[in-house]
Amino acid sequence: MTVQKLTVRKALCEAMSEEMRSDDKIFIMGEEVAEYNGAYKVTQGMLDEFGSKRVIDTPITEHGFAGLAVGAAFSGLKPIVEFMTFNFAMQAIDQIINSAAKTHYMSGGQVKCPIVFRGPNGAAARVGAQHSQCYAAWYGAIPGLKVISPYNSSDCKGLLKAAIRDPNPVIFLENEITYGMEFEEDYDDDHIIEIGKADIKKSGSDITIIAFSLMVGYALEAAEELQQLGISAEVIDLRTIRPLDRETIIESVKKTNRCLIAEEGFPFASIGSEISAMLVEEAFDYLDAPIGRLASIDCPLPYAENLERLALPKKEDIVRKAQEICVGI
Amino acid sequence: MVKLNKEDSLKIYKEMLLIRRFEEKAGQLYGMGLIAGFCHLYIGQEAIAAGMKYNMNKDDKVITTYRDHGHMISLESDPKKIMAELLGRKDGCSKGKGGSMHLFDLEKHFYGGHGIVGASVPIGAGLAFADQYKGNDNVTLCYFGDGAAHQGQVYESFNMAKLWNLPVLFIIENNRYAMGTSLKRASSIDALYKRGEGFNIPGVQINGMNVLEVIKEGKKAIDYVRSGKGPILVEMDTYRYRGHSMSDPATYRSKDEVSEKKKNHDPILSFKSHILDKKIANEDEIKAIDKEIKGQIEEIVKFAKESPEPDESEIFDNIYQ
């Protein structure tokens, strides 16, 4: 085990490369993954190491190659499918949901589909509405899928390795803005993180702030600022969306009695909606204030800088909303 | 014309007849309310599944859309379990969780049974991709209908299959109607086997109502793919006697059209005549087979009816491994 600095981009690449070294059934396919070294350079160097049989450039044909990879998984291979962004995976969503997620059930357990669909999810910066959507709630709604959306390098590496080893179809939602972020952590070659476990990134006693992906960074910054204002915030990084770690969330809220959920997705039927409903059902007696939700505004993401800023939650929004919830503390 | 010995001829006759009688019985059980939902019968198209099966190697794979009973039977999967699945019973091949459109038998290399029109085509290309990746000489027979032939992902699959020379036969079972829409009303061209030309995939049209033609021409197509030359597109000219599904009275075509097909092109009657004309077997031997199938169908129905519904405790099983 060594403490080192690692970017999210490199962590993802290491996770895939380490797994591919130990299991030759694993291959990666997608647009620009091989000769171009990845549209966002996540697969940098993998073609050189593993060759074109296992690092495969596809034509721009998301529905087709997603379905082809599902067929390969049915037949015992372990495909990693990179979508240049999950926005393009909407072209392939029938194969992901109807074929990958449901066939194991529909076949009475005969057909197995060990596959990872991965790529950047959510808004990047100034790329407009069609390239800026969070799909956590969409895929999170589907029985048969596991859905992961980590934040830092260590979690990205450990969870991507777990996703590749998992025998079920896994949606792995990355974030373009975090790719270049560097995190100092402990890493080793067998660094695996269990799917379905949230992580308390900071403990606190007054309010539980729940986030995933990029929003975890904002939540941690907000927690520091809240500390200055006399509010002790606990920050939970969900890491896995499905199966949701209900226990960690409920235990935290039982302690803090207040909860705020922050995410980039649309507000209607969001991850925050689901967690709010769960808390009302299972921890109502512990709540001292209404649950707060922060999400994107209910609007396609605008391009103009000022409008884009208005659309997505930021650190300041988390601080403000947490203060409202904690009024009287 | 391909020559088959007596044993193979009778085996194929029996197989086609089993599919026909199985489907007729499924239609009856549907009418009685024992089968529900969507149920698409293969009657009229039996020569395709039976003929192509004759040409296959043991480890070759098959995938198709929701008109899947006949293919599964031709692969010698247990018809009792298929009928139990249609009835939604515990002993069904998918434990009662799939139904008519979602039959699977991986031991027989049958990968379904897919309900979304066109979606099984890239999956079929993926099965072939896996065999190429593993370095064996298996081929995949990827069946779909003339309706599916208009889906975009079919052409995405053609492109990748030829680009990578995948060992896959794309087999269009052209039964002339995509639900109620005739091919003429859905396609700018009549010859679907030419649909691969833009991808440099050769195409061949086969009389899918004649099992000997299917065997002869189908073998050439399989040999081509197995030799490593990449995919081929096969159009099987065929006809379904029944409606698209059990809920379709098929009023979009004339009774004369259907009866002409039944009278002059029926794959089972014509093969039976061939067997008798060529003195491969005599009337008594054919009658014995008819009787045997009748008895088999009774056993199949008995098994399916006696199988219990799945335990309620099983509802959450098989979502995840």
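Since the structure is predicted, the reported quantities are computational estimates derived from the model, not experimental observations.

Enquirer: Outline the overall build of chain A, listing residues and values.
Expert: Summing up its helical and strand segments, chain A has twelve helices and 14 strands in all. Taking 20 Å as the expected radius of gyration for a compact globule of 329 residues, we find that chain A reaches 20 Å, a close match to that expectation. Along the longest, intermediate and shortest principal axes, the C-alpha atoms of chain A span 60 × 45 × 45 Å. Counting the 329 residues in chain A, one finds 56% classified as buried. For chain A, the share of sequence-separated contacts (at least 6 apart) that also reach a separation of at least 24 residues comes to 79%.

Enquirer: Got a sec to walk through the domain arrangement of chain A? Specific residues and values, please.
Expert: Residues and elements named next belong to chain A. Domain parsing of chain A yields domain 1 (2–187) and domain 2 (199–325). Between the C-alpha centres of domain 1 and domain 2 there is a distance of 26 Å. On the side of domain 2, 23 residues touch domain 1, which itself brings 23 residues to the contact. Where the side of domain 1 that touches domain 2 is concerned, the elements lending two or more residues are α6 (136–140), β6 (146–148) and α7 (153–165). Looking at side-chain class alone, the side of domain 1 that touches domain 2 contains 13 nonpolar, seven polar and three charged residues.

Enquirer: With reference to specific residues and values, describe the interface of chain A and chain B.
Expert: Between chain A and chain B, the residue contacts involve 33 residues of the former and 31 residues of the latter. Secondary-structure elements contributing two or more residues to the side of chain A that touches chain B are α3 (62–74), α4 (93–101) and α5 (103–106) of chain A. The element best represented in the side of chain A that touches chain B is α3(A), accounting for ten residues. Grouping the constituent residues of the side of chain A that touches chain B by class yields 13 nonpolar, 18 polar and two charged.

Enquirer: With reference to specific residues and values, describe the packing of helix α5 (residues 120–134) of chain B against helix α6 (residues 152–163) of chain B.
Expert: All names here are of chain B. At their nearest, the axes of α5 and α6 sit 8 Å apart, and the two run at 20° to each other. Here α6 runs roughly parallel to α5, going by the angle between their axes. Crossing handedness for the pair α5 and α6: left-handed. Every residue of α6 that contacts α5 at V121, P122 and A125 is listed here: Q153, V154, E156, S157, M160 and A161. Considered class by class, the residues forming the contact of α5 with α6 number six nonpolar, two polar and one charged.

Enquirer: Report on the confidence of the model for chain B, specifying residues and quantitative values.
Expert: This prediction gives chain B a mean pLDDT of 96; 100% of its residues lie at or above 70. Scored by ipTM, the complex comes to 0.96, with pTM at 0.97.

Enquirer: Which residues make up the packing of helix α2 (residues 46–55) of chain B against helix α8 (residues 211–229) of chain B, and what are the values?
Expert: Residues and elements named next belong to chain B. Between α2 and α8, whose axes approach to 8 Å, the crossing angle comes to 45°. The orientation of α2 with respect to α8, classified from their angle, is oblique. Handedness of the crossing formed by α2 with α8: right-handed. Where α2 approaches α8, its residues A47, I48, A50, G51, M52, Y54 and N55 are matched on the opposing element by V211, V214, I215, G218, K219 and I222. Taken together, the residues of the contact of α2 with α8 sort by class into nine nonpolar, three polar and one charged.

Enquirer: Hey, could you go over helix α11 (residues 283–306) of chain B for me, with residue numbers and the actual values?
Expert: A rise of 1.5 Å per residue sets the reference length of α11(B), with its 24 residues, at 34 Å; its end C-alpha atoms lie 35 Å apart and thus fit the reference within 8%. Considering only its buried residues, α11(B) is in contact with α1 (6–31) and α4 (79–86) of chain B.

Enquirer: Tell me what's going on with the sheet that holds strand β9 (residues 199–202) of chain A, and back it up with residues and numbers.
Expert: Residues and elements named next belong to chain A. Read from one edge of the open sheet, five strands run β9-β11-β10-β13-β14, paired in mixed fashion. Strand pairing shows two members of the sheet lacking a second neighbour, β9 and β14 (292–294), which therefore form its edges. Neighbour-to-neighbour, the strand axes of this sheet turn through a mean angle of 25°, independent of strand direction. In the sheet, strand β10 (residues 207–211) pairs with strand β13 (residues 259–262) via three bridges, with the strands oriented parallel. Opposite T208, over in β13, you have C259 as the bridge partner. With respect to the sheet, helix α12 (residues 315–325) is in contact with β10, β11 (233–237), β13 and β14, its orientation differing from that of β14 by roughly 170°.

Enquirer: How would you sum up the pairing of strand β8 (residues 232–237) of chain B? Please name residues and give values.
Expert: Residue and element names in this part refer to chain B. Burial of β8 is extensive: six of the six residues sit out of reach of the surface. With burial as the criterion, each face of β8 is covered, one bearing I232, V234 and M236 and the other bearing L233, E235 and D237. As defined by bridge partners, strand β4 (residues 168–174) adjoins β8 across six bridges and the pair is classed as parallel. Across the sheet, the residue bridging to I171 is V234, located in β8. In the sheet, strand β7 (residues 203–207) pairs with β8 via five bridges, with the strands oriented parallel. Its bridge partner lying in β8, I206 is registered against M236. Regarding the hand of the β-α-β motif, the stretch spanning β7, α8 and β8 is right-handed.

Enquirer: Account for the sheet that holds β4(B), with residues named and values stated.
Expert: The strands making up a sheet associate through hydrogen bonds between their backbones, and the pairing can be parallel or antiparallel. Residue and element names in this part refer to chain B. The six strands are arranged β2-β1-β3-β4-β8-β7 in an open sheet whose pairing can be described as parallel. The open sheet has two edge strands with one neighbour each: β2 (110–113) and β7. In this sheet, adjacent strand axes meet at a mean angle of 20° when their direction is disregarded. Here two bridges tie strand β1 (residues 61–64) to β2, and the two strands are oriented parallel to one another. Looking across to β2, one finds that V62 is bridged to F110. Running over the sheet, α5 touches β1, β2, β3 (140–145) and β4 and is turned about 175° from β3.

Enquirer: I'd like to hear about the environment of A:M20, residue by residue, with values.
Expert: All names here are of chain A. In this structure, M20 sits in helix α1 (residues 8–22). Distance from M20 to K161, taken between C-alpha atoms, is 9.9 Å for residues 141 residues apart in sequence. Residues contacting M20, with those up to four places away along its chain left out, are I26, F50 and R54.

Analysis parameters
Residues numbered from 1 in each chain as written. Chains lettered and ligands numbered in written order. Predicted model: local features only at pLDDT ≥ 70, side-chain atom pairs only at ≥ 80, totals over all residues. Helix = DSSP H or I, 4+ residues; strand = E, 2+ residues; numbered from the N terminus. Rg over C-alpha atoms; globule rule 2.2 N^0.38 Å. Buried ≥ 20, exposed ≤ 12 C-beta atoms within 10 Å, placed from the backbone. Contact = placed C-beta atoms within 7 Å. Domains from an automatic or database assignment. Nonpolar A, V, L, I, M, F, W, Y, C, P; charged D, E, K, R; others polar. Axes fitted to C-alpha atoms, helices over the stretch in contact; angles between N-to-C directions. Parallel < 35°, antiparallel > 145°, perpendicular 65-115°, else oblique. Left-handed = near helix turned anticlockwise from the far one by under 90°. pLDDT = per-residue confidence, 0-100. Expected span 1.5 Å × (residues − 1). Pairing = 2+ DSSP bridges. Right-handed = clockwise from strand over helix to strand, strands pointing away.

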